Every structure is written in structure tokens, then in C-alpha cells.
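# Results of the structural survey
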Amino acid sequence: MSGAAARAWGRVRPLLPGRADLDAARRDPKRDLLAGLTVAVVALPLALGFGVSSGLGAEAGLATAVVAGALAAVFGGSNLQVSGPTGAMTVVLVPIVAEHGPGGVLTVGLLAGVLLLALALLRAGRCVRYIPAPVVEGFTLGIAGVIALQQVPGALGVSTPEGDRVLVVAWRAVRDFAASPAWASLAVALGVAAIVLAGAHRRPTVPFSVLAVAAATAVVPLAGLDGVRPIGELPAGLPAPSLGFLDLSAVGPLLAPAVAVAALAALESLLSASVADGMTDGERHDPDRELFGQGLANLAAPLFGGVPATAAIARTAVNVRCGASSRLAALSHAAVLAVVVFAAAPLVSRIPLAALAGVLLATAVRMVEVGALRAMARATRSDAFVLVLTALATLLLDLVQAVIIGLLVAGALALAAVARQARVDRVDLRPALPGDHTEEEHALLAEHIVAYRLDGPLFFAGAHRFLLEPAEAATDVRVVVLRMSRVLTVDATGALVLRDAVERLARRGVVVMASGIRPEQRRVLGSVGVLGALAASGGEFPTTAEAVAAARSGLHEAGLLPGAGNPSVPTRK
């Protein structure tokens, strides 16, 4: 194997399944299989509903749950993660369907898979740990609102109006309903949602979503409820793999949506894996391998008519609560759904759309963690503002833009908070004065020598305010000592401001000395000329006591302290 091939294999090999995965699957297969069956029961109505909401139909949701669910289970970076169609992804796909049609969605999924594989090879998975919690909570809250608004047409029994803005579509659906009310559909949707919410609160391990959907499917034809539309005919099985949807001329316009889909898939999958880790003891996911598994899943799902996929937080949580301990649970979930596709398509086709809308309405409600939102809102005003802003941006814009806005605002507020912590304080010289001094000499030293202690980061967000007081020292001061041992970090902007302050004081005849400069800060200070400016003025010293002693010696020479001296500006000796 050549050197290049060996290096390439070295990057890919850690992302592939290993012996440890097989050993984990052998530990407790019965419990994993039971957990997978339970998750499949929960996932069935969600897969159907998200497929319908995406605009590609229920069969697309089932194909995604089977194909992407199986591949992500085998190749993903978490032992407990369950993947498939999700509400967050549906939010992104609706405008793509409206503008480019179903073929555009499949092409976007394929491109997103390639991008996710590239991110995995670049080891970008660890970046998700830097996303602030208010952005995550606001993002989740906004997604819950979007999912609920998407179900308005189905719950009201009206055809989905045109448009790619969920608020506009929901409003148009309400207007159409008011013109011709279909109360039966609304009753079915609200009834299913109420059963799911009440049942989940009392018996969380029972799959009430399936029970409610089954009950609605049986009751609607028996009661003769008019206006309640079923899903419609489904194909008995998955279509043969095909690239017939791929139009190379459309790849350019679809690249930006593909980036958005890949970013969302990476974000939601890694957040879901982190949630799964937090629900267990000792479980840790591999973020880069998780991106690799999601990339393969999104490459394959479009070939079978599926929509782009990502990990599903709700289904993953069910998997963990049911006692899953290995990838076998998620893999068996995909296998059970495959049996449904091949053996029960005629039965599934009778499910009312309003029932699926009710399941997704309940899902949206359960996504909102009131306690976490309340705690975040009470933490700081900045956290509350970022949370609300991210949630509103998710509702009004697309999800990737919402996360970017949240990150930018959170970063700006964090920088402002750090900048406010930076301080510059005038300090007493007495502890730094060696030897015995008369009160008169102490007074003269205090009159001519001023020391400032710099605390915190010296960087672009607060550098100008940080050095304002030393630069404007009193006119009778002959020496300024900058105590820099507590400076945490220095960037180029902070170093430039420090150099300007030193040079400004030197032009006024004030000698500037520095003490306690850290070794790791010398490079940036030297690169912009701070060390040179200090050398030309008064110099730098390891300790404040040494700097004050040099300043005192210079003042003696200048005749400003008792004793003979040359009336010159004090300089370092």
C-alpha cells in the first residue's frame, strides 16, 4: 500500500464498524430486540407523518426510516442512536419541494450525504460542543412551533396551501377551513393528540401513538365521518435503487439547500447523541463516526425514494428508556419497519391524515421542556434573549439561518461580558518599595510613580477601555508601571492599543515600565512592537518591585527625590 493510500485508510478506518460493536450486540440481544420493536411501533406513525409533511408522501418517510435507519445504526457513532425522517428536517425540505419538486429533494439528500462524509473525514464532529445551550433550547422550541404549524392543514382537513413559509401556509389553511369547515378532521386530530399526550404522561412505556392511530383508522369508516382523508395507496415494498431523479444541471442551484440540510443533519444528530450519552452511564459517542454514518444514510436513502435523514431525539430517548445497549436495537427497529412496508402497506394506506397530524401535534408539545426553558430564562438576560431570538428566527427563517444568528448573537454577548470583566486598577506602591523610606519620600514617589494592575483579557472587544486610564495619567507623573501578571490573554488589537498607550505617554515625557509579562504573550507583544516601545521607554522587569526600584533610581538621578542627580528623564539601569 502506497503512502497516500495508507494515510487515507488511516483516516477512514476509525470511522468503520469494529469488533467492539459486534461484541456489544451479543451481550443482551433479547433486550435490544425488544427495545427495537418498541421503537419501531413509536416510529411508524412519525415516519408516515413526516413523509407526508415533507411533500413526498408517506412512502418516502417509510423508505427513509428503513434504509437510513439501518445504515446509521451500523455505521453511526452512537450505540443507542435511532435515525430516520424528523420534524426538523421536514421544515427544511418543504420549501425545497415547492421550488424544485421531489427530484430536487432527492438530489439535495444525495449532496448532503457527500458533505457529511467530508465533514467526518475532516474530523469536524467535535465542533458541536461549542454550541451554547440557549441556542440549542431556542432551536428546539422553534422546531416544535414549526412542526405544530405544519400540521394545521392536515388537522383541519384542507389541502395544503401553496407557500414555503409555515406561518403563511397555516394562515391560509385556517382561512380555507373557515370557508368550508371540516369538523370531523379537527376532532380526529385533537382526539389523537389528547390520547397521546395523556397516555405518555401516565404510562410513558406504552406506545399510545400507535394505539390512537389504530383507533382512528378503525373508527373513521365505522362512524361514516365525511371529509377525513386517508393517506392513500402505498407501494408494497421499497422501489429498486435508482439515480433517475438526479439532474446534474440542477446541482448548482441545489448546492446551498444541500449545505443547509447537511448542517442540520450534523447538528441534530450530534445533539441527539449527546442527549443519549447523558441518559446513560458510561456511554460516549464518536462524533466523527456519527457524521460518517449519517453521510452514508443520506447517500443511500434518496436511491430508494427516501428524504434526507438525521438522528431523532424522541426515538433515541425511547430506545434508551427501553433498555437498549447496542446498535442491534436501532437495526431491529429498521427491520420491523421493513416488514411493515412489505406486508402491511394496504392497512397503512387507510390511516387518516388527521390522525397523523394529531400524533405530530403531540410530538411538538412534548418537545418543549418547560423546566429547561424556565431555567434558561432565569439564568441571565443574555441567555433568555438568545433563546427567544433563536426560536423566533427558526419560525420566521430557515433552521440553519436561525442557528447561525443564535451563534453570532451569543458570541457577541459573550465577548461583551468578557470585555466588561477586564479591569485596570491603580495600586498602592508601598508593598513594592524595597528598604526604608521617609513619609516625605513616600509622598514624592506616589506623586511621580503610578502603578496600574491589568486584570483579564486584553483583546479587541475591550482593549480601548482597558488602557484609557494609564494613557491619560496625570501631568506630574514621571513613571507609569504596568503590572501585567494577571493579563489572561492578548490579541493583536490589544497589543496595538498597548503600544499606542506606551508611545503616547513617552511623547509626553512619561517613562513606561512593565512587569510580569507572561512568556506565552511575548510573541504577540513583540510582533506589533510593544516590547520595542517598552525598551525605548523604561523597559520590562520580572517583578513590580524591580520596576519600582529602577523608577526610584531614575527619579534620584533626575533630582526629583532627595539626593544628587542629573536632571534628566529617568531611564532603566
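Overview of the structure. Throughout this document, residue positions are counted from 1 along each chain, in the order its sequence is written. Whole-chain, interface and lining totals are the exception, using all residues; otherwise, since this is a predicted model, local features are given only for residues with pLDDT of at least 70 and side-chain atom pairs are given and counted only at 80 or more. By convention in this description, side-chain values take in all heavy atoms of the structure and omit both hydrogens and water.

Segments assigned H or I by DSSP are reported as helices when at least four residues long, segments assigned E as strands when at least two residues long, and all are numbered from the N terminus. Per the secondary structure count, the protein includes 26 helices and eight strands. Residues count as neighbours in contact if any of their non-hydrogen atoms are within 4.5 Å of one another. A fraction of 82% describes how many contacts in the protein between residues 6 or more apart in sequence connect residues 24 or more apart.

A few words now on the pattern of salt bridges. Where charged atoms of side chains with opposite charge meet at close range, the side chains can pair. By convention in these notes, a salt bridge is any Lys or Arg side-chain nitrogen within 4 Å of a carboxyl oxygen on Asp or Glu. For the coordinates displayed, the defined rule picks out nine salt bridges. Across the salt bridge formed by D455 and R453, the nearest N and O atoms sit 3.5 Å from each other. Categorising residues by exposure relies on relative accessible area from a 1.4 Å probe, with only protein chains included: less than 20% of the type maximum marks a residue as buried, more than 50% marks it as exposed, and the intermediate range marks it as partly exposed. Using a relative accessible area of 15% as the deciding quantity, one classes D455 as buried. Shared partners join several salt bridges into a network, and the residues in it are D21, R289 and R327.

The space that makes up the largest pocket amounts to roughly 1,200 Å³. Per element, the largest residue contribution to the lining of the largest pocket is seven residues, and it comes from helix α6 (residues 133-150). Each residue is assigned to one of three groups, with Ala, Val, Leu, Ile, Met, Phe, Trp, Tyr, Cys and Pro labelled nonpolar, Asp, Glu, Lys and Arg labelled charged, and all others, Gly among them, labelled polar. The residue inventory of the lining of the largest pocket, partitioned by class, reads 30 nonpolar, eight polar and seven charged. The rule is simple: put a 1 Å grid over the protein atoms alone, call a set of points where a 1.4 Å probe fits but cannot get out a cavity, call an open set with protein on both sides within 12 Å along at least five of seven lines a pocket, and count a residue as lining if it has an atom within 4 Å of a point. Grid points are joined across faces, edges and corners, and a volume is the space filled by probe spheres set on the points.

Right, let's talk about helix α14 (residues 327-343) for a bit. The α-helix advances 3.6 residues per turn, and as a result positions three or four apart in sequence lie on the same side. The length a helix should cover is 1.5 Å for every residue beyond the first. Along its 17 residues, α14 runs 25 Å from first to last C-alpha, staying within 8% of the 24 Å computed at 1.5 Å per residue. Residues of α14 that are buried include every one of R327, A329, A330, S332, H333, A334, L337, A338, V340 and V341, and no others.

For this analysis, a nonpolar core means a set of buried residues of the types Ala, Val, Leu, Ile, Met, Phe, Trp, Tyr and Cys, connected via side-chain atoms within 4.5 Å. L48, V188, V192, I231 and V261 are the most contacted members of the largest nonpolar core, which totals 92 residues. If one sorts the elements of this core by residue count, helix α5 (residues 87-121) sits on top with 15 residues. If near-sequence neighbours (up to four positions away) are discounted, V192 is found in contact with A212, A216, A355, G358 and V359. One finds V477, V480, V528 and L534 within the second-largest nonpolar core, a separate group that totals 26 residues.

Turning to a nonpolar patch on the surface, a few remarks are in order. A cluster of nonpolar side chains, L167, V388, L392, L396 and L397, forms an exposed patch at the surface whose accessible area comes to about 410 Å². If you tally residues by element for the nonpolar patch, the top one is helix α18 (residues 381-396), at three residues. Relative to the assigned elements, L392 resides in helix α18. Nonpolar side chains (Val, Leu, Ile, Met, Phe, Trp, Tyr) are joined into patches within 5 Å and like charges within 9 Å, using only residues with over 30% relative accessible area and no salt bridge. Note on areas: Shrake-Rupley with a 1.4 Å probe; residue coverage comes only from the protein chains shown.

Of note in the backbone geometry, R123 takes a positive phi value of approximately 60° without being a glycine. Inspection of the secondary structure assignment puts R123 in the loop between α5 and α6. For R123, a relative accessible area of 28% puts it in the partly exposed group.

What describes two packed helices is the angle between their axes and the distance between those same axes. Every axis in this analysis is a line fitted to C-alpha atoms, fitted for helices over the stretch in contact. Angles between the N-to-C directions lie between 0 and 180 degrees. As a packed pair, α6 and helix α16 (residues 353-367) sit with axes 8 Å apart at the nearest point and diverge in direction by 165°. Relative to α16, the element α6 lies roughly antiparallel. Of the two possible hands of crossing, α6 and α16 adopt the one that is left-handed. Contacts between α6 and α16 involve T140, I143, A144, I147 and A148 on the former and, on the latter, L360, L361, A364 and M367. With respect to orientation, any angle under 35 degrees is reported as roughly parallel, any angle over 145 as roughly antiparallel, any angle of 65 to 115 as roughly perpendicular, and every other angle as oblique. Crossings are classed by handedness, with left-handed meaning an anticlockwise turn of the near helix from the far one by less than a right angle and right-handed meaning a clockwise turn.

Another point: the packing of helix α4 (residues 58-75) against helix α12 (residues 287-300). It is the contact of α4 with α12, at a shortest axis distance of 8 Å, that shows an interaxial angle of 155°. Taken as axis vectors, α4 and α12 run roughly antiparallel relative to one another. With respect to the hand of their crossing, α4 and α12 are arranged in right-handed fashion. Residue-level contacts link V67, A68, L71, A72, V74 and F75 of α4 to R289, F292, G293, Q294, L296, A297 and A300 of α12. Looking at the contact of α4 with α12 residue by residue, the class counts come to ten nonpolar, two polar and one charged.

In this structure, R327 sits in helix α14. For R327, a relative accessible area of 10% puts it in the buried group. Within the structure, the side chain of R327 is placed 3.2 Å from the side chain of D21, a separation counted as a polar contact. A polar contact is formed between the side chain of R327 and the backbone oxygen of G76, at a distance of 2.6 Å. Leaving out residues up to four positions away in the same chain, R327 has contacts with D21, A73, V74, F75, G76, G77, S78, N79 and R289. For the purposes of these results, a polar contact is taken to be a pair of N or O atoms within 3.5 Å, where, inside protein, one atom must be able to donate a hydrogen and its partner to accept one; residues adjacent in sequence count only when each atom of the pair is a side-chain atom.

Its location among the elements puts L248 in the loop between α10 (208-223) and α11 (251-278). By relative accessible area, which is 69% here, L248 ends up exposed. Considered as a pair, L248 and T107 are 141 residues apart in the sequence and their alpha carbons are 9.1 Å apart.

A word on helix α13 (residues 313-321). Of all the residues in α13, the buried ones are R315, T316, A317, V318, N319 and V320. The secondary structure elements touched by the buried residues of α13 are α3 (29-54), β1 (83-84), α11 and α14.

Next up on the list: the environment of A70. Along the chain, A70 turns up in helix α4. Taking the relative accessible area as the measure of exposure, A70 reaches 22% and is therefore partly exposed. For A70 and R327, which are 257 residues apart along the polypeptide, the C-alpha to C-alpha distance reads 9.5 Å. Every residue in contact with A70, bar those within four places of it in the chain, is listed here: A65, L331 and A334.

Turning to the side chain of T86, a few remarks are in order. With respect to the helices, strands and loops of the structure, T86 is situated in the loop between β1 and α5. At a separation of 3.3 Å, a polar atom in the side chain of T86 contacts the main-chain amide nitrogen of M89. Aside from chain neighbours lying at most four places away, what touches T86 is F50, E268, T310, A311, A312 and R315.

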